[in-house]
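# Structure assessment
For reference, the chains in residue letters:
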Amino acid sequence: ACFAAWLYSFVQPSAEAPAAAPRWDAAAGVWLGNRAAGGVEVPDPLWIFGYGSLCWRPDFPHEETLVGRCSGWGRYFAQRSCDHRGTPSSPGLVATMISDAQLEAKGLREPGEPPSTTCGLCYRVGADDVPRVLANLDFREKGGYTREVVQVQPARPG
């Protein structure tokens, strides 16, 4: 059965960014800010979907780990970062998740194509740890990521 999981994904540049959103630096081509954008309701239980460095360095307490698939989202090295890779004058590329809908809106994907699928590691966070884990992840994934809730299918039923 599918379950809801938290995902940190790419923030699209927009003139109407919410107040909590990082600020876009057009000259450098990067997002600035000290936390991830977004404020969607936190699923209960909280699962974090890791698709990049969270797979090998989760560095937060969790009670369960499993391999899962997220449909309708693809993993791309398409986000510039000066806090994880590169420097402010020469930002590096980092992995991010981009939805099929975002790609279609930009003309980078044809409507009707089979959905993208990304495999990753899912971490179930204990209820008492949720506020601290989210605060730490918001800081870690700052400067261009937003919170999303996605449906994840376990790789092995169980």
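Quick notes on the rules
Residues numbered from 1 in each chain as written. Predicted model: local features only at pLDDT ≥ 70, side-chain atom pairs only at ≥ 80, totals over all residues. Heavy atoms only, no water. pLDDT = per-residue confidence, 0-100. Contact = heavy atoms within 4.5 Å. Salt bridge = Lys/Arg side-chain N within 4 Å of Asp/Glu carboxyl O. Helix = DSSP H or I, 4+ residues; strand = E, 2+ residues; numbered from the N terminus. Pairing = 2+ DSSP bridges. Buried < 20%, exposed > 50% of the residue type's maximum accessible area, 1.4 Å probe, protein only. Phe/Tyr/Trp six-rings, centres within 6.5 Å; stacked < 30°, edge-to-face > 60°.

### A look at the confidence of the model for the protein chain
Looking at the protein chain as a whole, the pLDDT averages 78, with 71% of positions reaching at least 70. Across residues 12–20, confidence stays below pLDDT 50; counting only partners more than four residues off in sequence or on other chains, it has nine contacts.

### Some thoughts on the pattern of salt bridges
Side chains carrying opposite charge are able to pair once their charged atoms draw close together. Applying the stated rule across the entire model yields seven salt bridges. Its salt-bridge partner being Arg124, residue Glu63 comes within 2.8 Å of it at the nearest N-O pair. Separated by 61 residues along the polypeptide, Glu63 in the loop between helix H1 (53–56) and strand S5 (64–71) and Arg124 in strand S8 (residues 117–125) bring together distant segments of the chain. In this structure, Glu64 engages Arg124 in a salt bridge whose closest nitrogen and oxygen atoms are separated by 3.0 Å. Taken together, the positions of Glu64 in strand S5 and Arg124 in strand S8 put the pair 60 residues apart, joining distant regions of the chain.

### Quick word on the pairing of S5
Bridging between S5 and S8 involves eight bridges; their strand directions are antiparallel. Bridged to Gly68 within S8 is Gly120. As paired elements, S5 and strand S9 (residues 145–154) share three bridges and run antiparallel to each other. When the bridges of S9 are listed, Gly68 appears paired with Pro154.

### Digging into the pairing of strand S4 (residues 46–50)
The buried fraction of S4 is high, at five of five residues. Burial along S4 is two-sided: the face carrying Leu46, Ile48 and Gly50 and the face carrying Trp47 and Phe49 are both buried. Note: S4 against S8, five bridges, orientation antiparallel. Note on S8: the bridge partner recorded for Ile48 is Tyr123.

### Examining the environment of Cys122
For Cys122, the location among the structural elements is in strand S8. Distance from Cys122 to Thr65, taken between C-alpha atoms, is 5.5 Å for residues 57 residues apart in sequence.

### Here we look at the packing of aromatic side chains
This structure, assessed with the given rule, holds one aromatic pair. Residues Phe60 and Tyr123 carry aromatic rings whose centres are separated by 5.4 Å and whose planes lie at 80° to one another, so their mutual orientation is edge-to-face. Pair noted here: Phe60 is in the loop between H1 and S5 and Tyr123 is in strand S8, with a separation of 63 residues, a long-range link. Judged by its relative accessible area of 8%, Phe60 is buried. Looking at Tyr123, the relative accessible area reads 2%, which means it is buried.

### Some thoughts on the side chain of Ser99
As for its position among the elements, Ser99 is in strand S7 (residues 90–99). In this structure, Ser99 is in contact with Gly72 and Trp73, ignoring residues within four places of it in sequence.

### Some details on unusual backbone geometry
A cis amide bond, omega 5°, links Asp44 with the succeeding residue Pro45. Tracing the chain through its elements places Pro45 in the loop between strand S3 (30–32) and S4. Backbone geometry at Asp59 places phi at a positive 40°, although glycine is not the residue there. Residue placement: Asp59 occurs in the loop between H1 and S5.

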